[in-house]
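As a plain string of letters, each chain reads:
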Amino acid sequence: MKIPNGQQIIEEFEKWSPKYLAMEGDPIGLHVGTLNKKVERVLVTLDVDEAVVDEAIEKGAGLIIAHHPPIFRPLKNLQTDFPQGRLMEKLIKNDIAVYAAHTNLDVAWGGVNDLLAEALGLSETSVLVKTYEAELVKIAVFVPESHEDQVRKAFGDAGAGAIGDYEHCSYTLSGTGRFRPTASADPYIGEAGKMEQTAESKIEVVVRKAEKDRVIRAMIAAHPYEEPAYDVFTLENKELPMGLGRVGRLKEEMSLDAFVEHVKSSLDVPFVRVVGTGDETIRKVAVLGGDGNKYIQQAKRAGADVYITGDLYFHVAQDAQAIGLPVIDPGHHVEKVMIRGVVDHMTAKGANWQCEFLPSEVNTEPFRLK
Ligand SMILES: [Zn+2]
């Protein structure tokens, strides 16, 4: 087992939660330090505050993956007499890098919103607010049969053929390849100037256009030929739209008041704010982690009986009441489901690395109810 480089860890992470899924202006990515170093321990957290940095130091983590970007507004100075300056100083002095995955992790399949929907026990989920529809390409490559597995694996590892809940999807056909190496070639099969034929397979995979260069590089690296023959086709098919929030069904309907208790226990929060009388019948649920004030109309149009989102404004609560849409505001802290989600995903993907992904145990919720 090898200790991975920070860059390798983030490359793997971004196959799941690529930067292009983030909302415009969201300050995601590397915030502090460098990824150009070996990382044996990664701390996963919702927020980065001083207690979390102390935890990272104590646990020997060289990298923190956080949901909420620690530098959300541009810094005007780095005075270490103030909390944020002190935080940055501590991170840098202890050689701890911080990487933020915010709205891209909200949108990603299996990301924050899917984790929330799953925790709530929702089924038949779909996207609440569409924000991204991937253009797709099909890559077809011709490979000698002996190297089929190797090339298919390289494709899959690079993220090709990921369709919904499936990965490493591909299609293979057998045929005959013919070629004549010229005098200057250094052929893997055959000799210069002589017509050759060989049993070859054609492997086809579907890839998001935004990821095709990475996938082609990985395929070429795994291919035995000096100049692999491959085609890239533009597809008219679109990927299932991706976006913020999820809408899904409860297994059994319940009253709003009963559902409030369900939210508190399944999302592990001690209190929520509620718009609605409590007697409403809840079957269909819309959930959007973080601040979803903008999307109450979408939740209503999606047929949701209740909308769960954080940071509810007074006037938005009034609007929701007026359109007859119950709302539950559990705050931002419910997004802590991402900690388990990221730890599990990265532990599985990094099974061959000598690197531990650790959940932060610090409670970063700033509110308490008196
Ligand atoms: Zn948030």
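Everything below is about the structure shown above.
This one's a predicted model, so the numbers in the text were calculated from it and none came from an experiment.

Describe the overall build of the chain, and please don't skip the residues or the numbers.
A tally of regular secondary structure across the chain gives 11 helices and 15 strands. Its C-alpha atoms put the chain at 85 × 50 × 35 Å along the principal axes. Among the 370 residues that make up the chain, the fraction classed as buried is 47%. Taking the contacts inside the chain whose residues are at least 6 apart along the sequence as the reference set, 73% of them involve residues at least 24 apart. By element, 49% of the accessible surface of the chain is carried by carbon and sulfur atoms, the whole surface being about 19000 Å². Across the chain, the 41 positively charged side chains and the 56 negatively charged ones have centroids separated by 2 Å.

Now, about the packing of aromatic side chains: what can you tell me, with residues and values included?
Ring pairs (aromatic) are described by centroid distance and by the angle formed between their planes. This model, assessed by the stated rule, comprises 4 aromatic pairs. Ring centres 5.6 Å apart and planes at 80° place the aromatic pair phenylalanine 13 and tryptophan 16 in the edge-to-face group. Taken as a pair, phenylalanine 13 and tryptophan 16 lie in helix α1 (residues 6-16) at a separation of 3 residues, close to a single helical turn. Summarising the burial analysis for this pair, phenylalanine 13 and tryptophan 16 share the class buried. Pairwise contacts between aromatic rings join Phe13, Trp16 and Tyr99 into one cluster.

Report on the sheet that holds strand β2 (residues 41-45), specifying residues and quantitative values.
Pairing in this open sheet of 5 strands is mixed, and the strands run β1-β4-β3-β2-β15 from one edge to the other. Of all the strands in the sheet, the pair left with one neighbour each is β1 (29-32) and β15 (356-359). Sheet twist, expressed as the mean angle between neighbouring strand axes with direction ignored, is 30°. Note that β2 and β15 share 4 bridges and pair parallel. Bridging across to β15, valine 42 finds its partner in phenylalanine 357. Contacts from helix α11 (residues 337-349) reach β2, β3 (63-66) and β15 within the one sheet, and its direction differs from that of β15 by about 170°.

Which residues make up the coordination of the zinc ion, and what values go with them?
For the zinc ion, the full set of protein donor atoms is His68 (NE2), His332 (ND1) and Glu335 (OE), at a range of 1.9 to 2.3 Å. When the donor residues of the zinc ion are listed from N- to C-terminus, their spacing reads H-x263-H-x2-E. Placement of histidine 68 in the loop between β3 and α3 (83-93) and of histidine 332 in the loop between β14 (327-329) and α11 is noted, with a sequence separation of 264 residues between them. Assessed through its relative accessible area of 15%, histidine 68 is described here as buried. Judged by its relative accessible area of 25%, histidine 332 falls in the partly exposed class.

Describe in detail the pattern of salt bridges, supporting the description with residues and values.
Where charged atoms from two side chains of opposite charge approach closely, those side chains can pair. Under the criterion given, the structure shown has 28 salt bridges. Here glutamate 50 and lysine 90 are joined by a salt bridge, their closest N and O atoms 3.1 Å apart. Of this pair, glutamate 50 sits in helix α2 (residues 50-59) while lysine 90 sits in helix α3; the two residues are 40 residues apart in sequence, bridging distant segments of the chain. We classify lysine 90 as partly exposed; its relative accessible area is 23%. With a closest N to O distance of 3.0 Å, lysine 93 and glutamate 89 form a salt bridge.

Break down the nonpolar core for me, with residues and values.
Ranked by internal contacts, the top residues of the largest apolar core, which has 67 residues, are Ile9, Phe13, Leu63, Phe259, Tyr307, Ile328 and Val342. With 6 residues, the top contributor of residues to this core is α11. Every residue in contact with isoleucine 328, bar those within four places of it in the chain, is listed here: Leu256, Phe259, Val260, Val263, Val272, Arg273, Val306, Tyr307, Ile308 and Thr309. Of all hydrophobic cores here, the second largest spans 16 residues; its members include Val141, Val143, Ala154 and Ala160.

Describe the pairing of β2, and please don't skip the residues or the numbers.
Most of β2 sits inside the fold, with 4 of its 5 residues counted as buried. Examined bridge by bridge, β2 and β3 share 4 bridges and lie parallel to one another. Looking across to β3, one finds that threonine 45 is bridged to alanine 66. As a crossover connection, the stretch from β2 through α2 into β3 is right-handed.

I'd like a rundown of helix α5 (residues 112-119), residues and numbers included.
Across the 8 residues that make up α5, a large majority, 6, are buried. Considered for burial, the residues of α5 that qualify are Val112, Asn113, Asp114, Leu115, Leu116 and Ala117. The elements touched by buried residues of α5 are α4 (103-107), β5 (123-132), β10 (242-255), β12 (281-291) and α11. Residue glycine 121 follows α5 closely and has a positive phi angle near 75°.

Definitions and limits used
Residues numbered from 1 in each chain as written. Predicted model: local features only at pLDDT ≥ 70, side-chain atom pairs only at ≥ 80, totals over all residues. Heavy atoms only, no water. Helix = DSSP H or I, 4+ residues; strand = E, 2+ residues; numbered from the N terminus. Buried < 20%, exposed > 50% of the residue type's maximum accessible area, 1.4 Å probe, protein only. Contact = heavy atoms within 4.5 Å. Areas by Shrake-Rupley, 256 points an atom, 1.4 Å probe, with all protein chains shown as cover. Lys, Arg positive; Asp, Glu negative; His and termini not counted. Charge placed at Lys NZ, Arg CZ, Asp CG, Glu CD. Phe/Tyr/Trp six-rings, centres within 6.5 Å; stacked < 30°, edge-to-face > 60°. Pairing = 2+ DSSP bridges. Axes fitted to C-alpha atoms, helices over the stretch in contact; angles between N-to-C directions. Donors = N, O, S within 2.8 Å, 3.2 Å for Na, K, Ca; no water. Salt bridge = Lys/Arg side-chain N within 4 Å of Asp/Glu carboxyl O. Core = buried A, V, L, I, M, F, W, Y, C linked by side-chain atoms within 4.5 Å. Right-handed = clockwise from strand over helix to strand, strands pointing away.

From the geometry alone we can't say anything about function, so treat these as descriptive.
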